[in-house]
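Residues per chain, in single letters:
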Amino acid sequence: MSGPFDPLRAQLLGAAEALAGGPAALPDILTGMVDDVEHALREPLEIFPVCHHSPASALAMVRRLREKQPRVIYLELCEDMAPILTELRNCRLPVALQAFASELEGFPVESAPLSVIAPITESSAEYQAISYALETPGVQLVLVDRSTDHVFQWAPRDEPAPPGPAEEDLHGDAVGVEIGDLRPRFAELEEHLLHHGRVRHWSEWWDQYVEQPLAGADHDTYRQVMVLIGSLFRRLAPHDGARWRSDEDRERYMWTRIREHLAATGTDPADCLYVCGAFHAASRLPEVGSAPGTPDFAISPRTGTTWLYGLIPSSHSAIEAQFGLAPGSVSIAAATWQKGLTRSRLTPFELDGQKGGRNKKVRKALPPPQADPPPADQLTGYLSGPPTLDGLDEAELRGWCVDIVRLARRNGYLASTADAIAVFETSVLLAGMRGRARPTPYDFADAAVTCIEKDVVPGRRDVRRLCEILLGGDRIGQVGYDALPPLARDVFDRLAPLELNLEQRTIQRALLDLTARPELAACSQLLWMLRYLLPDHAVRPIMGSRRLGEKHFQESWDLDLGRHQRTIIELGYEGVTVEQVLEQRLRRAAWDSSATAAVALKAVEDSLLFLASPRLTDELGARAVELLKGERTVDEAPVVLRRVRRLLGHYRSTAPALPAWCERFVTQGYAHYCTLLPTAFVDDETGVRQVGAMLGFLFSMESLALSLGCDRAQLELAVRQSHPESPAKLALLWSARHQLGALPLPELRSRVEELLDNPLVVPSVPQYVSGFVQALEPVPRLAPFVVETLSKAFGRLPDPVLLPWLPTLITTLRDQAAELVPVLTREAGRTFPATLEALDAWTPPWDRPPPSARAANRPGAGPAAALLASHPATADAVAELLGCAGEWSASAPPTPALLALFPESSTAVEALIGER
């Protein structure tokens, strides 16, 4: 039986025979393409092939929908996204349908969160089909593509992660679902097409050789050409990869869903339209077709993962970055779409209430269906002659040239009317060199860069970016209030008292006077929570901070929520309110497999700052105790010490008693660090900072730990069992022994003197000094001694030792002990004279002669005796308490027997009083 494409098939076979020496498969490819077109046209259910974001496909879709007016539209889109399509009417296009899952079941946990997006623009055929179906009574829209769950079920597990998002990429790292992907799979084919088409990018080739010729084509021509192109790329694609197997399974899946719907509803296939990518329209699989008896595809069940659905804002640049299109190609497609509507006088379909749309059209009931005439061969005429190209539109090109010069001058370029003339002539010249009568936007952009940009970019935007702005710009969509998830709506409602338009894509300055308007305190609390949850630039405090113990009465904020609408929407996938999401984040951080005690303490502090939930705080605190008990290293000891000190200070100033978890943390930490102390002193991988923080915890928490039942002997044994070898840790050990009373200050001072006097040890003296500086954390009362040691080191160390050590000391203090520098500075201010004149007569305290020893030889003649004699009742009470009560001596002044029994204490008191 002859068909309408037999002459074309014979012509292509003759051409293949004429190409002697060509590929052996060439005849099969050429005739097979015609067979694919004929097979697709014989299908009773009309297949409408499309290319994603193609204005030619959108224009053909509008014409076909108004002509055929189908009653059922099967659309290649994830079937589980159907419920959110009606929300498109509340948005400003472009936006993207999104499926999101953060809690996975049946997928690797490390791959969370999973996200799938499907961008929608006004100049896409699928949006026209959606608008027609949702706004026309009696029309049913059925999504037939695999579900979001199956997208990841079928994805190869060893597939590399998608590349990171580009700047201003509103889609992030979501997996893009594209309808009608017609990018060739062979790099050689693409290179061949770009070379002979004299273009740089696939998007430019497609616009020149497919979009423009098909923009005004009739339905039969458009349909046959698109199936032919899809067949070509299908036959040249590699058939042995995971991508090919996934595409075939998608085709089986979609046709199985179509046949299920036809059987369930009894719909006549002639009243239906199947919208899919041209690549899938040329499929010849046994499971493809609507005829009864066609084998079905076994669809696997979905996993237990709970998917959440919504809309996120998109943009032309985000779509280009997501799908590897040329910069500006989507904006050019949008301009081509508008030009095609004007030229053909078509009225596109749009959803009722669509933001930024045209006036609403009156809905009309569908007329009775009419039979379509049998298809005729349109490919022969299309392929036999060159496409009809538009002539030069001087008015359009002249307007572009004038506008680009104006934009360039605004952005700092020294452009003039001469440059506009040069851009005009160069555009015409480039178009002629590339074989086209009418300059395309790509030709114009190349000419503008050549004539205006020269060799320098004076501002933030180069000329190519200015051309993109001129030709339509990076249009950015917006999700309307009614289409937002409950959390996002709650955020905007709670921030309404600020009286700002937070939907604008500009930075809004919010000034909060909490004294004059106390009702803004709730807004302040919400902003601080958003600051914790959102990216840094979405909510940024200018004045004010949130720390334990602080309270501000005035705050100012820079709010950029309009440009971060996507992140707010995705917060809505995690919970109903911001407080719920924050609580989940804190729990997730504290119970993560890599969590440490420091991380749990951070979560405790954040819960106190942002959430008034004692129950949650206690749970996080108990988790911190559990994590500390299981730690075998002390790497985060400085962070633990800093955070637990801050928390203890907060509770002591705001609560009548410490919470139970705090007490357990102190006792557990005291025992934990005592146990690890000897090992940390000798471990080379444990730094001096970490050991100092351990001692700081033990000494600063000692009184509280002892009151809670800890034993001080445990600390003393741990110090005795410590035998460090490095000089810095040895200095720390000496400081710890001094704090415990086992190493008096004179003996500690004499050890330092021995170090300075020993020429063999002098090169390592800076390390000892660094250890003493770190000792200010556990033993802050050593500050005078550390100043003394630093002064002696600076004065007595030779330059070859001192000069290399100074940069190390400065960087160490800045990076590891920044909080200790003020302690040293204050102590040095008390020690050294304040004026230059006083410096000449100044004697360091450590070089002054010791106090007179006469008081030690004569206990009754010193200041201590005079002090006790002036308070006889107190002296008698102390003597009786110590069990040494006796008579007062008859000396002048009278001396109690207490001084004779404790001469060392008497000498120490006299020295203390003598210094004063």
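Computed from a prediction, not measured in an experiment: that's the story for all the values here.

Draft legend 1. Structural context of the overall build of the chain. Regarding its fold elements, the chain presents 40 helices and 13 strands. Sorting the 916 residues of the chain into buried and exposed places 50% on the buried side. In the chain, the proportion of contacts linking residues at least 24 apart, taken out of those at least 6 apart, comes to 76%.

Draft legend 2. Structural detail: helix α32 (residues 783–796). With 14 residues, α32 extends 20 Å from end C-alpha to end C-alpha; this agrees with the ideal 20 Å at 1.5 Å per step. Restricting attention to buried positions, one finds in α32 the residues A783, F785, V786, V787, E788, T789, L790, K792 and A793.

Draft legend 3. Spatial organisation of unusual backbone geometry. Across the junction of L93 and P94, the peptide omega takes the value 5°, indicating a cis bond. Mapped onto the secondary structure, P94 falls in the loop between β3 (91–92) and β4 (95–101). Omega for the bond connecting A112 with P113 falls within 30 degrees of zero, at -5°, which places this linkage in the cis form. With a phi close to 55°, R345 is a non-glycine residue in the positive phi region. If you trace the backbone, R345 turns up in the loop between α12 (329–344) and α13 (379–384).

Draft legend 4. The packing of aromatic side chains, seen in detail. Taken as a whole and judged by the stated rule, the model has 20 aromatic pairs. An angle of 70° between the planes, with centres 4.6 Å apart, marks the rings of W528 and W557 as edge-to-face. Here W528 is found in helix α19 (residues 521–533), whereas its partner W557 is found in strand β13 (residues 554–559), with 29 residues between them in sequence. The pair W528 / W557 is uniform in exposure class, with both members buried. Of the aromatic side chains, those joined through ring pairs into one cluster are W734, Y768, F772 and F785. Over the face of the ring belonging to F349 we find R66, whose NZ or CZ atom lies 4.1 Å from the ring centre. In this arrangement the basic side chain of R234 is found over the ring face of F279, its NZ or CZ atom lying 5.1 Å from the centre.

Draft legend 5. Summary view of the sheet that holds strand β6 (residues 140–145). Taken together, four strands build an open sheet; the order of strands is β1-β8-β2-β6 and the sheet is parallel. For this open sheet the edge positions go to β1 (46–50) and β6, each flanked by a neighbour on one side alone. Each strand axis lies, on average, 30° off the axis of its neighbour in the sheet, ignoring direction. Packing of helix α4 (residues 125–135) onto the sheet brings it into contact with β1, β2 (72–78) and β6, and relative to β2 it is tilted by some 130°. Running over the sheet, helix α9 (residues 242–265) touches β1, β2, β6 and β8 (272–277) and is turned about 145° from β6.

Draft legend 6. Summary view of a negative patch on the surface. Together, D635, E636, D684, E685 and E725 make up a region of like negative charge exposed at the surface. Among the structural elements, D635 can be located in the loop between α23 (614–630) and α24 (637–654). Classification of D635 by relative accessible area gives partly exposed; the value is 47%.

Draft legend 7. Structural view of the nonpolar core. The biggest cluster of nonpolar side chains holds 194 residues, and the ones touching the most others in it are L97, L495 and F665. With eleven residues, helix α25 (residues 660–682) is the largest single contributor of residues to this core. If sequence neighbours within four positions are ignored, L97 has contacts with L77, M81, I84, L85, L88, V116, I117, A118, I120, G310 and L311. Within the second largest apolar cluster, 24 residues are counted, among which are I332, A420, A448 and I452.

Draft legend 8. Inspection of helix α3 (residues 55–68) at higher detail. Here α3 is 14 residues long and its end C-alpha atoms lie 20 Å apart, about the 20 Å a rise of 1.5 Å per residue gives. Counting buried residues in α3 gives eleven out of 14 residues, a clear majority hidden from the surface. Restricting attention to buried positions, one finds in α3 the residues P55, A56, S57, A58, L59, A60, M61, V62, R64, L65 and K68.

Draft legend 9. Region of the structure containing the pattern of salt bridges. Tallying each qualifying case throughout the model produces 51 salt bridges. Linking R234 and E251 is a salt bridge whose minimum nitrogen-to-oxygen distance equals 2.6 Å. Here the residue R234 occupies a position in helix α8 (residues 219–236), and E251 occupies one in helix α9, the gap between them amounting to 17 residues. Assessed through its relative accessible area of 1%, E251 is described here as buried. Of the charged contacts, one joins D446 and R434 as a salt bridge, the two residues approaching to 3.1 Å between their closest N and O atoms. In this pair, D446 sits in helix α16 (residues 441–453) while R434 sits in the loop between α15 (417–433) and α16, placing the two residues twelve residues apart along the sequence. Both residues of the pair, D446 and R434, count as buried. By sharing partners, the salt bridges in this structure join R749, E753, D757, E788, K792 and R796 into a single network.

Draft legend 10. Seen up close, the side chain of S246. The topology assignment puts S246 in helix α9. Each residue touching S246, except ones within four places of it in the same chain, is listed here: R146 and W154.

Draft legend 11. Examining the sheet that holds strand β12 (residues 539–543) more closely. Spatially, the three strands line up as an open sheet ordered β11-β13-β12, and their pairing is antiparallel. Every interior strand has two partners, whereas the edge strands, β11 (508–513) and β12, have only one. Taken pair by pair, the neighbouring strands of this sheet meet at an average axis angle of 25°, ignoring direction. Looking at chain direction, β11 and β13 are connected through six bridges and run antiparallel.

Rules used in this analysis
Residues numbered from 1 in each chain as written. Predicted model: local features only at pLDDT ≥ 70, side-chain atom pairs only at ≥ 80, totals over all residues. Heavy atoms only, no water. Helix = DSSP H or I, 4+ residues; strand = E, 2+ residues; numbered from the N terminus. Buried < 20%, exposed > 50% of the residue type's maximum accessible area, 1.4 Å probe, protein only. Contact = heavy atoms within 4.5 Å. Expected span 1.5 Å × (residues − 1). Phe/Tyr/Trp six-rings, centres within 6.5 Å; stacked < 30°, edge-to-face > 60°. Lys NZ or Arg CZ within 6 Å of the ring centre and 35° of its normal. Pairing = 2+ DSSP bridges. Axes fitted to C-alpha atoms, helices over the stretch in contact; angles between N-to-C directions. Patch = residues over 30% accessible without salt bridge, like charges linked within 9 Å, V, L, I, M, F, W, Y side chains within 5 Å. Areas by Shrake-Rupley, 256 points an atom, 1.4 Å probe, with all protein chains shown as cover. Salt bridge = Lys/Arg side-chain N within 4 Å of Asp/Glu carboxyl O. Lys, Arg positive; Asp, Glu negative; His and termini not counted. Charge placed at Lys NZ, Arg CZ, Asp CG, Glu CD. Core = buried A, V, L, I, M, F, W, Y, C linked by side-chain atoms within 4.5 Å.

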